[in-house]
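A look at the structure
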Amino acid sequence: MDLRFSSSEDAFRAEVRAWMDGNVPASPLPSGDTAEGFAAHLDWERQLFDAGWAAVSWPEEYGGRGATLWKWLIFEEEYWRAGAPNRVNQNGLFLLAPSIFAFGTDEQKARFLPKIAASEYLFCQGWSEPNAGSDLAGITSRAVRDDAAGGWRLTGQKTWTTRGAFCNWLFGLFRTDPDQERHRGLSYFLVPLDGEGVTVRPVGRLDGDDGFAEVFLEDVVVTDDLVLGEVDQGWRVAMSTTSSERGLSLRSPGRFMAAATQLTALYREQRDAVEAGLLDPGLRDAVVRAWMDADAYRLHTFRTVTRMTDGEELGAEASFMKLFWSELDVSLHETALGLLGPEAELDVDGWMKGYQFSLAGPIYAGTNEIQRNVVAERVLGLPR
Amino acid sequence: MRFAPTDDQIALADAVSDLLMRECPPDAVRGAWETPDGRVPGLWDRLVEMGVVGICAAEEHGGLGLSMLDLVGVLVETGRAAAPEPVVDVAAVAVPLLDDVGGELAGTWVPSLVSGEASAAVGLERGVGAGNAVVENAAAADVLLLGATGVSGDAEVHLVEAEAVTTTDRASVDGSRRLAEVDWEPTSATRIAGREALGVARDRGNVATAAVLVGLGAAMLERTVEYAKEREQFGKPIGSFQAVKHHLATAALGLEYARPVVDRGAYTLVYGGDTRRDSSIAMAYAAEAAHLAGRTALQVHGAIGYTVEYDLHLWMKRVWALESAWGDAAFHREQVARRVLDSSPGAQDWTDKEHA
Ligand SMILES: Cc1cc2nc3c(=O)[nH]c(=O)nc-3n(C[C@H](O)[C@H](O)[C@H](O)COP(=O)(O)OP(=O)(O)OC[C@H]3O[C@@H](n4cnc5c(N)ncnc54)[C@H](O)[C@@H]3O)c2cc1C
């Protein structure tokens with residue numbers, strides 16, 4: 001057991017830290033879930049790309065640095081520590097890209113990965129439909145074969161599509177074989193949103209931003225080279241994408257460590273009020289719990305990355321990670337609001353907005369009820 | 001960076017697990033409630049033979065010269081089996097403490113503890129409120145290591161031999177724990193180490209007990225999962241009901257995150273760092289995870305789990321004893337709070353710590 005980073009990893013950390021110190025915007029950007037804020041965040045994404053930080057773990061030929069998972073974790077720690085902006089291109093970078101690496105053709109890799117890294121292709125995620133949320137295999141959007149067009153005609157509706165109103169591509173599942181049922185006969189498509197037949201309508205989220213969208217598709221022609229993985233085998237590809245979303249690549253520990261550090265700072269500011277009984281005395285314990293949870297999440301991730309480095313696959317255990325980070329994030333923010341007391345509603349330092357976002361964590365990426373089902377059935381082996 | 005036990009460490013834990021499956025089945029644990037010393041006859045000798053007691057002891061004293069990192073996986077297995085043996089007190093606390101003190105004391109006691117000739121009891125935690133410390137195995141021990149406020153007014157470790165103490169038995173909820181109040185006088189002659197050594201000894205006790213708790217919790221979870229697959233109601237296994245699944249998934253989640261912090265606690269003890277902080281984190285997680293596993297196990301078993309004929313209570317009661325024997329989870333979180341919240345800003349910054 002060795003919990004030290006190597007000198008090359010330390011040097012990498014120092015390099016990231018120095019760059020972040022010199023480049024992270026001094027004041028927070030407007031929310032990336034608004035049109036104006038999204039544009040500002042894109043400038044930042046491109047600045048990251050120009051400096052080679054957009055996708056550190058990818059091979060250099062696709063715009064990355066070929067960094068190990070350990071270095072990627074370090075990058076993330078430094079990124080969030082520096083208070084850098086949210087990654088508005090995360091769906092492409094962290095969810096779709098791992099699936100392209102695993103299932104894409106060489107042409108698809110060459111075409112998509114560099115453009116995702118450069119934030120030219122901005123992907124949104126098209127799983128959910130009005131009648132298919134947790135039950136993703138129940139989607140009804142369909143793709144009908146059109147040999148003359150050299151591909152498929154897509155029809156249907158996607159919903160809750162994060163930042164769909166600002167993106168130019170969508171990845172999602174469509175039924176290619178109407179005679180098969182449930183997760184058989186689905187295919188994974190990459191769909192340009194500027195095509196004929198696509199209508200996107202922004203939908204205001206709980207926090208008031210247009211972070212959601214509805215995407216309507218009416219006979220949208222999509223060529224064969226835009227199917228990821230094999231036709232009718234899209235479920236497998238989709239599961240690899242959702243595994244990234246549950247676990248490591250979307251929610252590295254750095255984000256929660258930074259939030260926990262901010263929480264401890266907030267506690268220090270409010271300590272007198274806590275000790276005087278003006279605020280709930282139990283907040284001290286809640287703060288330390290949140291800090292310890294971030295610490296535990298980090299250690300558990302180290303364990304996971306060790307196993308992955310040894311060649312093991314991250315399977316259903318990703319559901320443990322999703323449960324842990326999403327519940328930690330909610331209680332961390334609830335604790336912050338408690339510390340703010342009557343000022344919580346003023347959204348001091350973005351805590352209220354952060355709280356509203358944290359509340360989505362147990363819902364998206366597969367609800368926590370679904371994750372508990374997965375743990376029970378696939379980790380513990382309980383009967384369905 | 002490599003956060004996993006070595007192959008040797010895994011092999012050692014597996015060997016102990018095999019031994020305990022043979023020599024310490026649930027019936028043996030149950031039997032220990034009735035034996036005079038609360039132990040499984042002959043089991044300590046087997047552990048001695050395997051070298052478990054001397055894992056952390058210096059080779060010159062008959063030990064293996066290994067460390068807490070080698071012992072931690074073994075302790076998880078002793079917890080899993082609910083082995084009613086003083087592995088924490090002797091192997092994880094007394095032996096390394098005496099080895100640290102060194103000199104004649106170590107030369108006398110460590111070899112005899114490691115070879116099983118002598119027995120030790122450890123009472124480093126003050127009880128809450130007035131009265132004497134309540135110490136496990138105090139009446140049977142040849143030597144006692146006790147924490148006390150000495151003549152200097154500072155916390156110290158004292159070593160007293162059996163003749164110098166009077167013990168009064170106290171019953172534990174866990175019938176295999178032989179507890180006694182210890183009446184004794186600290187003197188300058190009994191003092192063997194100061195505050196710092198006392199602290200390290202407690203930190204070792206915390207990490208070791210946390211490892212045992214993780215094992216106890218894991219065993220209850222595993223057993224309950226098996227039960228839920230077999231027991232049928234409404235024509236199907238109860239494990240197919242979602243309420244039951246979610247209880248079990250939540251218990252599994254707690255244990256999944258407790259193990260890494262326990263291992264890190266051991267790592268910090270061996271390689272340095274804030275041992276009090278990391279051992280307290282280990283204990284806080286393990287205590288809560290094991291407690292929840294017990295609650296869950298009982299609920300999922302229903303009335304059968306509420307009997308003394310069924311084995312579950314043996315594990316559950318051990319958890320109830322150990323989850324607060326070295327300070328409860330809230331106490332340990334407060335230890336962490338003092339370091340993370342009350343010390344200078346930056347002390348809680350993970351990344352700087354590793355830079356240094
Ligand atoms: C902030 C946010 C961003 C999102 N972004 C995207 C996106 O970019 N792309 C996209 O495709 N989707 C997105 N979603 C949608 C998300 O994937 C779904 O909300 C989620 O899968 C749940 O589906 P649902 O909302 O239809 O709820 P439902 O599936 O209707 O569930 C409602 C409730 O019933 C429970 N439930 C359902 N089935 C079961 C079951 N089998 N066992 C136990 N309980 C059950 C659920 O846990 C939940 O509590 C986003 C959601 C949020 C909140």
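Each residue is numbered by its place in its chain's sequence as written, counting from 1. Note on labels: chains are lettered from A, ligands numbered from 1, in written order. Local features in a predicted model are, by the rule used here, given only for residues with pLDDT of at least 70; side-chain atom pairs are given and counted only at 80 or more, and totals for whole chains, interfaces and linings are based on all residues. Side-chain measures were taken over the full set of non-hydrogen atoms in the model, leaving aside hydrogen atoms and water.

1. Regarding the packing of aromatic side chains
For any pair of aromatic rings, the description rests on two quantities: the centre-to-centre distance and the angle between the ring planes. Residue and element names in this part refer to chain A. Between rings of Phe, Tyr and Trp, where Trp is taken as its six-membered ring, a pair exists when centres lie within 6.5 Å; planes separated by under 30 degrees are stacked, by over 60 edge-to-face, and by other angles tilted. The full count for this structure, using the stated rule, is 34 aromatic pairs over all chains. Taking 6.3 Å as the distance between ring centres and 55 degrees as the angle between the ring planes, the aromatic pair formed by W19 and W53 counts as tilted. Taken together, the positions of W19 in helix 1 (residues 7-23) and W53 in the loop between helix 2 (35-50) and helix 3 (69-81) put the pair 34 residues apart, joining distant regions of the chain. Exposure classes here rest on a 1.4 Å probe applied to the protein chains alone. A residue is buried below 20% of its type maximum, exposed above 50%, and partly exposed in between. For W53, a relative accessible area of 1% puts it in the buried group. Pairing W127 with Y188 gives two aromatic rings, centres 5.6 Å apart and planes at 80 degrees, and the pair type is edge-to-face. Pair noted here: W127 is in the loop between strand 1 (123-126) and strand 2 (142-146) and Y188 is in strand 5 (residues 186-192), with a separation of 61 residues, a long-range link. Neither W127 nor Y188 differs from the other in exposure class; each is buried. Segments assigned H or I by DSSP are reported as helices when at least four residues long, segments assigned E as strands when at least two residues long, and all are numbered from the N terminus.

2. Here's the deal with the nonpolar core
For the purposes of this section, nonpolar cores are sets of buried Ala, Val, Leu, Ile, Met, Phe, Trp, Tyr and Cys residues that join through side-chain atoms within 4.5 Å. Ranked by size, the top nonpolar core spans 176 residues in total, and within it A:M20, A:F302, B:M68, B:L71, B:L75, B:L213 and B:L248 carry the most contacts. Ranked by residues supplied to this core, first place goes to helix 7 (residues 195-230) of chain B with 16 residues. Contacts of B:L75, omitting those with residues within four sequence positions, involve B:M68, B:V87, B:V88, B:A208, B:A211 and B:V212. A:L122, A:W169, A:L186 and A:V198 belong to the second-largest nonpolar core, a separate cluster that totals 51 residues. Only heavy atoms matter for contacts: two residues are in contact if any of them lie within 4.5 Å across the pair.

3. Quick notes on the sheet that holds strand 5 (residues 166-171) of chain B
Residues and elements named next belong to chain B. Within the open sheet, the three strands sit side by side as 2-6-5. Their pairing is antiparallel. Only two strands of the sheet have a single neighbouring strand rather than two, namely strand 2 (134-136) and strand 5. Within the sheet, the average angular offset between the axes of one strand and its neighbour, ignoring direction, is 40 degrees. What makes two strands pair is DSSP finding at least two bridges between them. Where strand 5 lies against strand 6 (residues 178-183), six bridges are found, and the strand directions are antiparallel. By the bridge assignment, D169 is partnered in strand 6 with A180. Where helices are involved, their axes are fitted lines through C-alpha atoms of the stretch in contact, as for all axes, and angles between N-to-C directions lie from 0 to 180°.

4. Examining the environment of B:L341
Locating B:L341 in the fold gives a position in the loop between helix 11 (329-340) and helix 12 (350-355). On the basis of relative accessibility, which here comes to 0%, the residue B:L341 falls in the buried class. Put simply, B:L341 and B:L43 are 298 residues apart on the chain and 45 Å apart in space, counted from C-alpha to C-alpha. The contacts of B:L341, once residues within four sequence positions are left out, are A:T264, A:Y267, A:R268, A:R271, A:R284, A:V287 and B:V336.

5. Focus on the pairing of strand 2 of chain A
Residue and element names in this part refer to chain A. As defined by bridge partners, strand 2 adjoins strand 3 (residues 151-158) across five bridges and the pair is classed as antiparallel. Looking at the pairing, D146 lines up with G151 of strand 3. The hairpin formed by strand 2 and strand 3 contains four residues between the paired strands, and G150 there has a positive phi angle of roughly 70 degrees.

6. Here's the deal with the sheet that holds strand 3 (residues 143-149) of chain B
Residues and elements named next belong to chain B. Strand order across the open sheet formed by four strands is 1-3-4-7, with mixed pairing between neighbours. Whereas interior strands pair on both sides, the edge strands pair on one side only; in this sheet they are strand 1 (120-123) and strand 7 (191-193). Between one strand and the next, the sheet's axes are offset by a mean angle of 35 degrees, whatever the strand orientation. Pairing geometry for strand 1 and strand 3, over four bridges, is parallel. Within strand 3, the position partnered with V122 by the bridge is L145. Lying over the sheet, helix 7 contacts strand 3, strand 4 (155-161) and strand 7, oriented at roughly 75 degrees with respect to strand 4.

7. Some points on the site of the ligand
In these notes, residues near a molecule or strand are those with any non-hydrogen atom within 4 Å of it. For the ligand, the set of nearby residues contains 18 residues, the closest of which are A:S128, A:S134, A:T162, A:T367 and A:E369. The ligand sits at the junction of chains A and B, each of which supplies nearby residues. Contact distances for the ligand include 3.0 Å between a nitrogen atom and a backbone N or O atom of A:W160. Think of a polar contact as two N or O atoms within 3.5 Å of one another; within protein, one of them needs to be a possible hydrogen donor and the other a possible acceptor, and neighboring residues in sequence only count if both atoms come from side chains. Between the ligand and A:N373, the relevant distance is 3.4 Å, taken from a nitrogen atom to a side-chain nitrogen or oxygen of the residue. Only the protein chains shown count as cover for residues, and all accessible areas are computed by the Shrake-Rupley method using a 1.4 Å probe. Out of a free accessible area of 970 Å², the ligand has 67% covered by protein chains. Contributions of two or more residues to the shell around the ligand are made by strand 1 and helix 11 (368-379) of chain A. The element that contributes the greatest number of residues to the shell around the ligand is helix 11 of chain A, accounting for three residues. Looking at the shell around the ligand residue by residue, the classes come out as seven nonpolar, ten polar and one charged. Domain ranges listed in this record stem from an automatic or a database domain assignment. Here the shell around the ligand spans two domains, and each of domain 2 (123-233) and domain 3 (247-379) of chain A adds at least three residues to it. Put simply, Ala, Val, Leu, Ile, Met, Phe, Trp, Tyr, Cys and Pro go in the nonpolar bin, Asp, Glu, Lys and Arg in the charged bin, and everything else, Gly too, in the polar bin.

8. Details of the domain arrangement of chain B
All names here are of chain B. Per the domain assignment, the segments making up chain B are domain 1 (1-118), domain 2 (120-193) and domain 3 (196-352). Just the C-alpha atoms count here: the centres of domain 2 and domain 3 sit 26 Å apart. Contacts between domain 2 and domain 3 engage 14 residues on the former and eleven residues on the latter. A combined buried area of about 1,000 Å² lies between domain 2 and domain 3, and 63% of that area is made up of carbon and sulfur atoms. Considering only the surface of domain 2 that becomes buried against domain 3, L124, E125 and V173 emerge as the three largest contributors, covering 48% of it. Summed over both partners, buried area is the accessible surface (1.4 Å probe) that two parts give up on being assembled.

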